[in-house]
Amino acid sequence: MASSSRSGEHRPVHQDFIARIRYSNALPPPPNPPKLLDIPSTGLSSGQYTTPGFASRLAREQPVNIEADAELGMPLDLVGMPGVFDGDESSIQAPLQAQPIHPNDRHLLRPLATLGKPNVSEPSVSFLRRTEYISSLVSKVRPESGLRSSTPIKRQVKRASPEPDKDSPAYVKRKIDQSFAAAAANLKDKSRVRHPTKRNLKLLDAYPLIPDIEGFPDSGAYVTIKFSNNPVPASTTYDSRLLSSVMRPIEKSAEEEAAYAAASEAHEQDPQNNPKPPTSMNYDFYLADSAESAENFRKMFDINNPDRYNEALYTSSNQAGPNFQLSRLRAYETSKETDLDHERKYDEEVILAFEDGSSGGQKAVYYYPVMQRSTIKPQRTKNIQRTIGVAQEEEQIIEKLDMTVDDPDEETKGDMDRFKENPYSYEEEEAEDGDHHHNGHNQNGGRESPERRRNGASDDDADGDEDDL
């Protein structure tokens, strides 16, 4: 302690001696050698150097050079594994049943989404007060009384129930009801309808899309036939005779039936190595000699035509009476065919027929099921067989067809009525003289369908070279 005197007065002065002690805290050298990074200098005014993501981005962009050995730091020694060299790999595979998790390890396996959230199941602590939040809906305090208002606190509006599952019947029913309500509103006010992409288009007319129950043929569905190329010579105008053409199936020979039966049996025994044989068919294609004959032929098929029973529409006659005469153009064979069953005949493709209501019927668009789609091409297989001299049965080629139009018989009407009552029902009946094939049947007791209107018509009148038979 030091003392001093001034003006004869003695006053003690305390002075502390402070010793600064330093400890060595040398950091170990970094595991990786230092590396200079090329960082663009944008200045501190940009603010990017002070953001946390700046260093994270640099760390992601700079790969870490890790030199690993051939076994990537995890040597594998299979010598000690029992049964490995005998083909038993159970010792190096994960067990089928997972081992039970120790209770102390369950906290380590918590998902990342649950980290940081309080666990409400933990027991409450008695000396800690629960946090209370003041709602924004609490009424104001009266300044003159200093007490809270006696007005009850308003409850928040309960949110609507969540959307039901899309596969539930309630969801499907609600969506169907909404679609009918929207369609009815659009039909009532057509200005509500808007094109999804072309906003300048306006709706001129609308048709309801309904099934034609009266339009089932005896086979329960229709067949669409598409030509691989133009069946008639190329022209600048459409040949209206194609709308009334006729496809006559050609019966298979005994050799073809035997080959198909053998291929089908081989497919049933070994489907993987033996593919299913295609049900190819051969057809004779017939056309009317004139456009007038083709037009009259279509008139007799139109059930809305009051004169469809008039025999004056026939353009030819023979000993049996008046008829329509069609000439054979060429033979065709199937190049591609897709068959469906009665349960899926509405799923992939349907035929549409527009009815404007001028004939007295309901104004609507009727749709019809399709159970078979075929693509045909000019027949070449038999031509090649004739050229190379393969023995064939003696063929009978019909050059002319005399056609008459009549209503279906009682057996055909019975088949049509069965599908009218249940469109998806089909009971295969075995006939005494063999199986019935309904290919080519266009007789119909109901509305005139597009299949009858386009019997034999091409869906793709593409030009191409063909060899006449």
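Here's a quick rundown of the structure. Just so it is clear, the structure is predicted and the values come from calculations on it, not from any experiment.

Digging into the packing of aromatic side chains
And then number 1: A full pass over the atoms with the stated rule returns 10 aromatic pairs.
And then number 2: With a centroid separation of 4.8 Å and an interplanar angle of 45 degrees, the aromatic rings of Tyr 314 and Phe 324 are classed as tilted. Of this pair, Tyr 314 sits in the loop between helix H4 (291–299) and strand S7 (316–318) while Phe 324 sits in strand S8 (residues 321–339), placing them 10 residues apart in sequence.
And then number 3: With a relative accessible area of 14%, Tyr 314 lands in the buried category.
And then number 4: Here a set of aromatic residues connected by ring pairs shows up, and it is made of Phe 297, Phe 301, Tyr 314 and Phe 324.
And then number 5: For the cation-ring pair, Lys 363 lies above Tyr 207, with the distance from its terminal atom to the ring centre recorded as 5.1 Å.

With respect to the nonpolar core
And then number 1: If you look at the biggest cluster of nonpolar residues, it comprises 11 residues: Ile 225, Phe 227, Val 232, Leu 242, Met 247, Met 281, Tyr 283, Phe 285, Leu 287, Tyr 332 and Ile 376.
And then number 2: Of all the secondary structure elements, the ones that give two or more residues to this core are strand S4 (222–227) and strand S6 (282–288).
And then number 3: With 3 residues, the top contributor of residues to this core is S6.

Quick notes on the pairing of strand S9 (residues 350–355)
And then number 1: Here S9 shows a buried face lined by Ile 351, Ala 353 and Glu 355 and an unburied face lined by Val 350, Leu 352 and Phe 354.
And then number 2: Relative to strand S10 (residues 364–378), S9 runs antiparallel, the two being bridged by 6 bridges. Looking across to S10, one finds that Ala 353 is bridged to Tyr 366.

What counts and what doesn't
Residues numbered from 1 in each chain as written. Predicted model: local features only at pLDDT ≥ 70, side-chain atom pairs only at ≥ 80, totals over all residues. Heavy atoms only, no water. Phe/Tyr/Trp six-rings, centres within 6.5 Å; stacked < 30°, edge-to-face > 60°. Helix = DSSP H or I, 4+ residues; strand = E, 2+ residues; numbered from the N terminus. Buried < 20%, exposed > 50% of the residue type's maximum accessible area, 1.4 Å probe, protein only. Lys NZ or Arg CZ within 6 Å of the ring centre and 35° of its normal. Core = buried A, V, L, I, M, F, W, Y, C linked by side-chain atoms within 4.5 Å. Pairing = 2+ DSSP bridges.

All quantities given are derived from atomic positions and should not be read as evidence of function.
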